[in-house]
Every structure is written in structure tokens, then in C-alpha cells.
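# Structural overview for review
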Amino acid sequence: MDPLCKNNYKNILRRVFLPLILLLILASPLFIDAYARASALPAHYFNKIFTDTVPKPHAVKFPSKDQWTDTSGKAKDTTRPVIKREKDSIPPINAVDSLTLRDSASVVTDTIPNVKLSKDSLTAPVFYKAQDSIVMFVKKKEFRLYNKADVKYGPTQLTGNTMDFNQQTGILTSRMGVDTAGVPIDKAVLNDGTTSSDMDSVQYNFNSGKAMIYQTRAQYGEGFVSSVKVKKQPDNTVFGFRNGYTTCNLDTPHFAFRARKIKVIPDKLIVSGPANLEIEGIPTPLFIPFAIFPLSNGQRTGLLPPQYVVNQQKGIGLENGGYYFGLGEYLDLTVRGDVYSYGSWGLTLSPTYRKRYKYNGGFNLAIANTRSGDPEIKSEFTRSRDFRVTWSHSMDGKARPGTNFGASVNFGTTTYNQFNVTDAATRLNNNMSSSINYSKSWQGKPYNLTLALNHSQNNLTRQVNVNFPDGSFNVNTLYPFQAKEMAGTPRWYEKIGVSYNALLRNNISFIDTTFGKPAMFDNLQAGMQHQIPITLSIPMTKNITLSPSINYTEKWYIRQLRLKYNPEGEKYDTSYTDGFFRSSAMSTGASLATAIYGMYSFRNKNSTVQAIRHVMRPNLGISYSPDLASKDYYMEPSHVDSAGNLDRYQRFSYYDGAPFGPSASQTFAGLTFGLDNNLEMKVRSKKDTSGFRKIKILDGFGVSSSYNLVADSFKLSPFSLNARTNLFDKVNISFGGTLDPYQLDSVGIRKDKYTWQGGNFSVGRLTQANIAISTSFQSQDKKSKEKEAKKKEEEENGDVPLDAALEEKRRQMEMMRSNPGDYVDFDIPWRLDLSYSLNYTRGRTIDRLRDTTIFQQFLGFNGDFSLTPKWKIIVSSGFDFRLKQISYTNLTISRDLHCWQMSINLVPFGSYRQFSITINPKAGILRDLRVNRTRQFFDL
């Protein structure tokens, strides 16, 4: 080629083609982006091809319906929602297709800045997976998931056998599957984060958040709602067509309320139109105009529906109807009322209060007006106005360290339980008691203060005793001679300890009919007691300790009681003298205590019993108490003979009935002694890691008495006996008795002569003894391991009831005692509790002509056993051997009806007899839907 031409070609290449090539290279991103918009592919996908190897797809980015290329070929907005998946059967590709592929670790966005999102874009990624395969139809803008499909969009999760998603409409359709036998499998399940529903099919719109569901069943709290067709709103509100509400968890429930239309507002309530109760698929004549089922948790103000009852004495009535007032986080109030056709009525106010980590409590005020019989017949008509007040309060120990305030109050009229309580334990208990106490201790100080109000009353005698204020101030033992800095062995005088105890008490005793009247304070007594004990402990040897002590007591009173015998009425007239009076007492003594061990080992090493050990703990004391209170006693006649002469006298004290009683008036200088024994056995055991275990034969067997050296007669006091043991860790046995060492004359009066003196030797006369035996047996709990694991999990999670929950637990325990048939543990096949008591008393008749020996024996038992896994019988009864009568008997038969429960209660004997049958649902939300029939009979 001519050199000139060659240079021209070079010039043309250098001046024309090279700039053109450079221009194409610089403009290539624009061409790629334009081509991507025309083919609905993002530009960065081509960049990815040029810069990196395409990984296995983890997520697919589908264009929305406005982001696909239209028919004219004009490219639209490339911003698209993202659908992430966990598994994909499509193999990795290395060529350009119509899908955007992204790495799951990072999200690559479009390189074009300031892109506006389309209105129909999704607000969150969509995660999906399927067990079989996922097929995508790019041109149709659809994809399909086969076999156990699972899609999650935000808090909403949808599962099913197959799923179809249409990108143009934004509708996801899920269907259940059918196996070869025609049985439905893999039902569609929609979970919106609060409730879960299973259904035959569902259509869910990602754009609007609405759904159309067919043949669904959803759980809301304790209840289940099944519907033929349901429309779900974006706020999760549900409108149902042809519905059923039940608390039975079976696919075919035992009962349901059928309603044509229903509305569910999650976490609030379920509302329906007219509903009909259906049992076992059979409609009943019971219709209700509407139904409201609350779903919200926590405090809600509302009505409390009453229960229909039939009472033999009060007539037809409505019980426990009222209103609940939610007054905030710290307070609520429940008002309930009873009304009966014979004119009886009752009102109960029950406020509760609580403050977490501070205190909690509950108050209950019950007023009742009971009318029984025909008012026209006065001999058969009775009327009783009663009230009862209960209050419980507890304080968290960490709220104010060193300070505690608590209350347990049970106060009311003596006839309240007779007419208004059906609980056996409450009716059989004739005593009521209350206690309100406040205690304060000072950190680093040796003293503490306690203030209390105590109350007790007997419903038979109608006697009421109130102690208020009842206070004490105690100073712990101080060692005044002890060095501030101890060095070496302390000297004997450094162990001298001094303490101080002061008691303050006001005592009021009255009959309940005088409550609130001036006569209530006629027997007011007030006093104060001071005690100053001085103690010392000196080790004599390794096993012997000497403990000398001095104790001074002084009592202050503001009244003296004087009884004056009235011969005309053969009674005592009472009079009081007001003023300031004191009574004192002092005692001093010393005691020695030690322990003596004895062991007997069997020579045969293969013997089951290896050794028996006997431990004796003797104690010996000497004490002296001078007579400082003889002035506090006086003699008063107690009998008038046929001639009108006073021939008998009785000794009284001016302080009988006082808060702390009178002081001892006799001088005592003598010995006190006692002996306690313990017997154990060492046996072989394969269960124990050491190969041996200890068995207690006798936990204790002791005897104690005293001898008065300065008494003119009867120097030796009666012997007190006690014994206790627990055989085989099952049988508890306890014994107590009294031995009188003196003989009796011909008329049964003690004479100063020991029983072992004379012809017949005897260690003493057994004047009183008692023995009690109790045991309990039960079969293995079928779900004991599950219950222990659940309890442990609650403790680890901090779900153990505290503060106000303890008050609710106490109320539930009261309900369990009142209605034992409603709270039955069917997991324990049988249980039996046995108790036996024997009381022996030997004395003399009033005319002293003959001896009297009284035995009182009682055998009590209670237990339950299951006839079948669903039937249980509960029995509580006993037998009084002295009266030869069966004691209060309560028989309960309970039947587990899956979602319902039936209980039959029978009280066949006694002054109060009852028969009742109750059928009610187990669920708490339907606890007022119960059928009850009761018959009660009283002996007035």
C-alpha cells in the first residue's frame, strides 16, 4: 500500500473511529438502561453480569402491575416490591432473563436516584417457601407454590397446600389439599399475629390487606368461632356469615351458639345477632336476642349476670348478680346482690386494692335479711338481720424494710353462717377470729415494737372478745459486762444478759347483741405488764450447761373485780372498783441440761438392721418464787346449807378476767425435772448412695414434773407425758397424758399419800390422756412430671403469683371449698385421708358418789376415687363413737364432660341437709351459663 494512503487510513481511524468508539463506551450505560426499561429488566443486572458472577438466587423481585412494560413498549418505573424466599427449585442461571436476582445478604437497589415508589408497592418484604416446587409465569405475572406452601408478609403468615399469587391484582389464594382417599390435608392457616384461623381456602389482597375466607375456624381467647364465609378487614376486624361460637376445642364441638351474622373486634369483643344454643348438633329451644363475648384482658367495667336458684327456705331467687367497677390500676369494686321470692335479700360490697411491690388487699361487706316461713303464722316465721365483714391485707416485705402491716379480719353476727353460708367447713366452724397487726424494728437497734387488734367470738355462746390495743415493746438481750472488743475466752460475768419486755392490752368481753351499745363496755379491762429477765449460761463440762436466771414481773391494772355471793338467787353479783392497782411476782432459778447417747450395734454385718441409737436429754432445775400476790386474793362463800349457814368458801382474785390474769399467790421453792428420749434405727438401703438410712422409731418421748420443797402438802406435781413419732413416713402418731401421783379417799378427794405407798404399787393415776393418729394415701399423679415442669418453668419465667394475684388465689381457694365438685383433679385416680382421735378423762361426779370415766373417740375420713377416667366420687365424713352417730357427711359426684362438667352434691345428715346438681361449662367466659337445681333443709 502506498505510504500516503496508509497514513490517510491511520488518520481516519485516529480522528473518526477512535472518538466514535470512545463515545460508544461512555454511552453504553445509557443504552443498557434504555434496553432494560424496554424489556422490564433493571440496569444493574447487566452491570452485575459484567462485574461479578451471578450467585444462586435467594430472592426474586417482582414488578408491580404498573411496573411491567406496556403494550407500546414504553418502559415504566423499575421500582418494585421484593419477595424473598428461603428455598427455590429453579437452578442458578448465568444468562439474562426477565427477573431481578439479588444476594440474600445484601439488597442491591436501582442506581437511578430519587425514584418514586408506585402507590401499589408493598410495605414489607414477602418471604415464601414450598416443599415441592415453585413455578413462575413471568408473562402472566403469576407464580404458584406446591405442597406445604408458606408465605409471610410482615406480621401476617399464610400456609396451605397450594398457593397462587397474581401480581396484577395483588391477590394471594391459598387452598387446602386432598389425599388419595379424599381426606382434606394441609388446611390453609392464616395468622395475623394475634389470632390464628384454619380454613378450606382464602383469598388475601396484599394491596388492601383484606381477605375473603371460606369454611374457617378461629380461636379468640377461650372461645372458637367457626364460619361458612368470613370477610376480614385491614384492621383485622372480622365479619362472619353463618357462624358458631363455642369453647369446645373439638372440630365437631359438643355445643355452640349458632348465629347468622357475627362481628369480631380482636382484643375487644365478639358481637352477634340472634343466636340459638345447639347441643351435639341439635338445636335447643333456647334463643337469645344478641350475644356479647368479651375478648379483652385486664380490667373492664360491666354487668355481672345473676344465677337462678331454688332455695327451700328462701324460695326462688337470683344470686350473685351485680356490677363490676374498674376504678383503675390500683382499685376495683364488685357489687353483688341476692333476691328471693319469700322476701329474703342480700347485698355484698367487695373492693380490692393493690400496688405492685408495695401492698395488696381485699375488703368484703355482706348484709343479709333472711325471712323464713309464713309471716301469718308467727310460730313458724323467723327473721334474721345479719352482716359479715372480712378484710385481708398484706405488705411486701421489701417495700419498707423493718416495717410490716397485715390484717386478717373475719367478724359478723353469729347467725350469718347459719342462714347465708352453704360451705361445710365454714358452717361447722363455730369460732370467728380477726387480727390486725403492725410491727416495727429499727436497723442496728436492739428493740422492736408491735401493735395489734385481736378479736374472737363463739357462734354458739355468742360471746365476743376484743383486745385493742394489744401492743408489745421488746428489748433484745443485752450483755452489759461484755467487752467491746472480745479477746480470748470470755469471763463468766461477761455472759450475763438482761432484756426487757412490755405488754399493753385492753380487753372487752360482751354478748354480740350488745355490740355498739353502752353495755358493751361494762366489762372493759386494761392492763400493762413489765418483765425483766436476767440470764446466764455457763458450760460446766463438754455436755453439761448451767443456766441460772432471775425474772421479775409487774402488772398494772385500772380496775378490780369483786364477786359477792347472793344467797337468795344463789349467784354472784359483780362489781368493779376503778383506780390504779399493781401486782408483782419474782422468780429465780438455775437449770442443768445435757445429752446422753447410747448405741447398740448388731454383730451380723449382713443384717438389715445395723444399729439402734438412743438419745436421752435430761434436765434438772431449781427455782424459787416468793409469795408477793397473796393480797390479790379473797375468800367468798359459795354454798348455803339447809339451816341457812354459809358452809363452803371459794377463793377468787381481784384480777380474774384481767388481760394478764392474777399473779401466783403461793411460795414455791423446789425442783423441776424432765427427761426426753429419742430412738433411731440404722438400716440398709439400696436407694441411698451411702447404702444406709436412718429411721426414726420415736421422735420423742418425755416426762416432766416438779417438787415444791416448802409446800405443806401435795409437794409433788402431776407428771406430764408426751410422745410423738412418724411411722414409715406415712403414719403420724402423737400422745399426751397426765399422771396424778396421789391417792383418793372414799369420796374421790385427793389425800396426801402417794399411789406407790400402801399395798398396791402404782406409778400414778392416769387422769387425762389423748392420742391422735393420721395418715394419707394417694395414687400416682398421671401428669405429675408435666405439672412439676410447668411449675418450674413459671418460677424461672417469674410468673409466680405475687401481690394482688395472691388475693385472687385466696378467693379461688374459697370457691374450691364452697364448690368442691367444680374443682376436681381427674389425674389422681384415688386419694384417702384418715384421722383418729381418742380423749380419756377420769374424774368424779358432782355429788362425788362415783367415779366417771369419759371416752371420746372420733374417726374421720375424706377422699376420692375415680370409677372411670371421667367419673369421680368425693366423700368426706366421720363417726363419733361416744354419740354413736355419723358426723357431717358430704358426698360429691363429678363427671368430666370434656368442655362441660357436672357435679352432684349431697349432704344427707345433720341440721343442714342439701341436694344439688350443677351442669356448667369449664371455660371461665361462660361460667354464668350453668344449670343448677338445689334443695336445702334447715333445722332451726
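Here is a short report on the structure shown in this document. The structure presented is a predicted model; accordingly, all values stated were derived computationally and were not measured.

Here we come to the overall build of the protein chain. Broken down by element type, the protein chain carries six helices and 55 strands. Each of the 940 residues in the protein chain was classed as buried or not, and the buried ones make up 34%. Across the protein chain, every contact between residues at least 6 apart in sequence was considered, and the portion connecting residues at least 24 apart equals 51%. Split by element, the accessible area of the protein chain, about 55,900 Å² in all, is 57% carbon and sulfur.

A cis geometry characterises the amide bond from Phe468 onward to Pro469, with omega recorded as -5°. Its place among the elements puts Pro469 in strand β31 (residues 463-478). A positive phi angle is found at Asp267, which is not glycine, with a value near 65°. Take Asp267: it is sitting in the loop between β16 (255-265) and β17 (269-272). Located in the positive-phi region is His898, a residue other than glycine, with phi close to 70°. With respect to the secondary-structure elements, His898 resides in the loop between β52 (890-897) and β53 (900-907). Given the relative accessible area of 31%, His898 is considered partly exposed.

In terms of burial, strand β37 (residues 596-601) is largely open, as just zero of its six residues are buried. Sheet topology places β37 next to strand β38 (residues 609-625); six bridges connect them, and they run antiparallel. Bridging from a neighbouring strand, Met599 pairs with Arg613 of β38.

Turning to the nonpolar core, a few remarks are in order. One broad trend across soluble globular proteins is that nonpolar side chains are buried collectively. If you look at the biggest cluster of nonpolar residues, it comprises 43 residues, and the most contacted ones within it are Leu145, Val151, Phe206, Tyr220, Phe255 and Ile270. With near-sequence residues (within four places) excluded, Tyr220 lies in contact with Thr195, Val225, Val238, Val264, Ile270 and Leu295. Formed by ten residues, the second largest nonpolar core is a distinct cluster that contains Tyr634, Phe652, Tyr654 and Tyr655.

With that settled, the discussion passes to the state of the cysteines. According to the stated counting rule, one finds zero disulfides in the structure shown. No disulfide involves Cys248; its sulfur sits 3.7 Å from the nearest other cysteine sulfur, which is in Cys899. Note on Cys248: relative accessible area 0%, which makes it buried.

What follows is about the pattern of salt bridges. Taken as a whole, this structure holds 21 salt bridges when the rule is applied. Here Asp164 makes a salt bridge to Arg144, at a shortest N to O gap of 2.5 Å. Linking Asp164 in strand β7 (residues 156-166) with Arg144 in strand β6 (residues 142-153), this pair joins segments that are 20 residues apart in sequence. With relative accessibility at 30%, the residue Arg144 sits in the partly exposed group. One salt bridge connects Asp632 with Lys631, and the closest N-O pair in it is separated by 3.2 Å. Judged by its relative accessible area of 2%, Asp632 is buried. In this structure Lys631 comes out as exposed when scored by relative accessible area, which is 52%. When salt bridges with common partners are traced through the structure, they connect Arg831, Asp833, Asp864 and Lys872 into a single cluster.

Per the counting criterion, the structure on display carries 29 aromatic pairs. On the basis of an interplanar angle of 20° and a centroid distance of 3.9 Å, the ring pair of Tyr245 and Phe293 is categorised as stacked. A residue pair is termed long-range when its members are at least 10 positions apart, and Tyr245 in strand β15 (residues 238-246) and Phe293 in strand β20 (residues 291-294) qualify at 48 residues. The class of Phe293 is buried, set by a relative accessible area of 7%. A connected cluster of aromatic rings, assembled from ring pairs, spans Tyr128, Phe143, Tyr153, Phe165, Tyr204 and Phe206. Lys140 extends its terminal NZ or CZ atom over the ring of Phe137, reaching a point 5.6 Å from the ring centre.

Take the pairing of strand β42 (residues 692-708) next. The pairing of strand β41 (residues 668-684) with β42 spans 14 bridges and is classified as antiparallel. Of the residues in β42, the one forming a bridge with Arg684 is Phe692. Two elements, β42 and strand β43 (residues 719-727), share five bridges in a ladder whose sense is antiparallel. Its bridge partner being in β43, Val703 is matched across the sheet by Leu721.

With that out of the way, let us pick up a nonpolar patch on the surface. A cluster of nonpolar side chains, namely Phe777, Trp830, Leu832, Leu834, Leu859, Phe861, Phe865, Leu867, Trp871 and Phe881, defines an oily patch on the protein surface of about 830 Å² accessible area. Where the nonpolar patch is concerned, the elements lending two or more residues are β48 (830-844) and β49 (851-868). Considering each element in turn, the nonpolar patch owes the most residues, four residues, to β49. Along the chain, Phe861 turns up in strand β49. Looking at Phe861, the relative accessible area reads 30%, which means it is partly exposed.

Positionally, Glu329 belongs in the loop between β23 (315-326) and β24 (331-340). C-alpha separation for the pair Glu329 and Arg356, spaced 27 residues apart in sequence, amounts to 9.9 Å. Not counting residues up to four positions away in its chain, the partners in contact with Glu329 are Gln299 and Arg354.

So, how was this worked out
Residues numbered from 1 in each chain as written. Predicted model: local features only at pLDDT ≥ 70, side-chain atom pairs only at ≥ 80, totals over all residues. Heavy atoms only, no water. Helix = DSSP H or I, 4+ residues; strand = E, 2+ residues; numbered from the N terminus. Buried < 20%, exposed > 50% of the residue type's maximum accessible area, 1.4 Å probe, protein only. Contact = heavy atoms within 4.5 Å. Areas by Shrake-Rupley, 256 points an atom, 1.4 Å probe, with all protein chains shown as cover. Pairing = 2+ DSSP bridges. Core = buried A, V, L, I, M, F, W, Y, C linked by side-chain atoms within 4.5 Å. Disulfide = S-S within 2.5 Å. Salt bridge = Lys/Arg side-chain N within 4 Å of Asp/Glu carboxyl O. Phe/Tyr/Trp six-rings, centres within 6.5 Å; stacked < 30°, edge-to-face > 60°. Lys NZ or Arg CZ within 6 Å of the ring centre and 35° of its normal. Patch = residues over 30% accessible without salt bridge, like charges linked within 9 Å, V, L, I, M, F, W, Y side chains within 5 Å.

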